[in-house]
Amino acid sequence: MTPLSPKPDRSSLAGPRIPNKKITKAVVPAAGLGTRFLPATKAQPKEMLPIYDKPAIQYVIEEAVAAGIKDILVVTGRGKQAIENHFDRSVELEETLQAAGKKGELASIQEISNMVNLHYVRQKEAKGLGHAVLCAKSFIGNDPFAVFLGDDIIDHKKPAICQLMAIWEKYHSPVLAVEEVPLPRTKAYGIIKPKSISGRLYQVLDLVEKPKPEQAPSRLGIVGRYILTPQIFSLLEKTKPGSGGEIQLTDALRRLNAMQPIYAWQFEGVRHDIGNKLEFVKATLAYALKDKTAEAALKEFMRQLVAQ
Ligand code: G1P
């Protein structure tokens, strides 16, 4: 078994009262440097790379909107202005499309800027996911909230975050999205030690960030959707740099688990890790094939390509 020390302190199990509130706020960490995707991300945010006809971050924002989220804080960093510009109005472009009678295009870009209330804060140093989430402390206040990692695009008719919200509504406790990862890949994920509850639902007995395969407590890896309670912030403030020298959300969650039960939901849907070049190409193809005007031609092209 993995060296998961120190053991969670369960003496304070009573913990703070968890408010049974609806989730209306979300945090989207988007300050990462995109080093897995160089040189494409040298001068443009990885979140703005298009998956077919939309920048990657728009899929995540649309998932949040579909789940009834009203306010989203995007945690950005230097060189990420394109994200703000994308969700802002573009008056000149609107006027040009209007004058050209391009109603469909006009509606689609207006929809982007009216989608949801977006707020921005800068993470001034790249100190890890836990530190990025901590940047949301005053925005979140005392509310439960959702976290979306932009590298994970999850495709399913019931958005992954809605699946987690259903668990939140039942248990009023933090919920993590998990999926089974190949054993050699545990070192790329937060891995949970699960206790099966029913079907896809687990209670998290413990969790560890990026364990080696031989130390992993299971193959259930955390993917980029979380429902968290505001108690995470004081724990993040006390969390020392962990795996990779970064302040890890997983380490703070481990301490939260001593105060509130944490649940994990093995979500339904196809997940694309678009921070990875191969997965990015697969995601682009998968979304392009959903476009009925492109489907037949693209399939024919792929058939020719693989026949070569
Ligand atoms: C982060 C988290 C990790 C999680 C992963 C999901 O790691 O720290 O626990 O499993 O996202 O994509 P990162 O991919 O930023 O290294």
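Treat the numbers as computed from the prediction; the structure is a model and nothing was measured.

Reading the values: the criteria
- Residues numbered from 1 in each chain as written.
- Predicted model: local features only at pLDDT ≥ 70, side-chain atom pairs only at ≥ 80, totals over all residues.
- Heavy atoms only, no water.
- Helix = DSSP H or I, 4+ residues; strand = E, 2+ residues; numbered from the N terminus.
- Buried < 20%, exposed > 50% of the residue type's maximum accessible area, 1.4 Å probe, protein only.
- Salt bridge = Lys/Arg side-chain N within 4 Å of Asp/Glu carboxyl O.
- Near = heavy atom within 4 Å.
- Polar contact = N/O pair within 3.5 Å; in protein donor to acceptor, adjacent residues only side chain to side chain.
- Areas by Shrake-Rupley, 256 points an atom, 1.4 Å probe, with all protein chains shown as cover.
- Nonpolar A, V, L, I, M, F, W, Y, C, P; charged D, E, K, R; others polar.
- Pairing = 2+ DSSP bridges.
- Core = buried A, V, L, I, M, F, W, Y, C linked by side-chain atoms within 4.5 Å.
- Contact = heavy atoms within 4.5 Å.

Notes on the side chain of Q203
Secondary-structure assignment places Q203 in strand β10 (residues 201-209). Taking relative accessible area as the criterion, Q203 reaches 16% and is therefore assigned buried.

Comments concerning the pattern of salt bridges
This model, assessed by the stated rule, comprises 21 salt bridges. Between R271 and E179 there is a salt bridge, and its shortest N-O distance comes to 3.0 Å. Taken together, the positions of R271 in strand β13 (residues 270-273) and E179 in strand β8 (residues 175-180) put the pair 92 residues apart, joining distant regions of the chain. Through salt bridges with shared partners, a single ionic network connects R36, K46, D151 and D273.

Considerations on the site of the ligand
Near the ligand, the surroundings consist of L129, L149, D152, Y189, G190, E209, K210, I222, V223, Y226, Q248 and T250. A distance of 3.3 Å is found between an oxygen atom of the ligand and a side-chain nitrogen or oxygen belonging to T250. Within the complex, 76% of the 380 Å² of free accessible area of the ligand lies under protein. Ranked by residues supplied to the shell around the ligand, first place goes to strand β11 (residues 220-228) with 3 residues. Among the residues making up the shell around the ligand, the classes are represented as 6 nonpolar, 3 polar and 3 charged.

A closer look at the pairing of β10
Taken across its 9 residues, β10 has 8 buried, putting it largely inside the fold. Alignment of strand β9 (residues 190-198) against β10, held across 8 bridges, turns out to be antiparallel. The residue bridging S196 from the neighbouring strand is Y202, located in β10. Connecting β9 to the antiparallel partner β10 that follows it, the hairpin turn spans 2 residues, and G199 within it adopts a positive phi of roughly 50°.

Structural notes on the nonpolar core
Counting 41 residues, the largest nonpolar core has I57, I72 and I227 as its most contacted members. Looking at which element gives the most residues to this core, the answer is helix α7 (residues 160-171), with 7 residues. Aside from chain neighbours lying at most four places away, what touches I72 is A26, V28, I61, A64, V116, N117, L118, H119 and F139. Counting residues in each nonpolar core, the second largest holds 33 residues, with L73, L149, I192 and L253 among its members.

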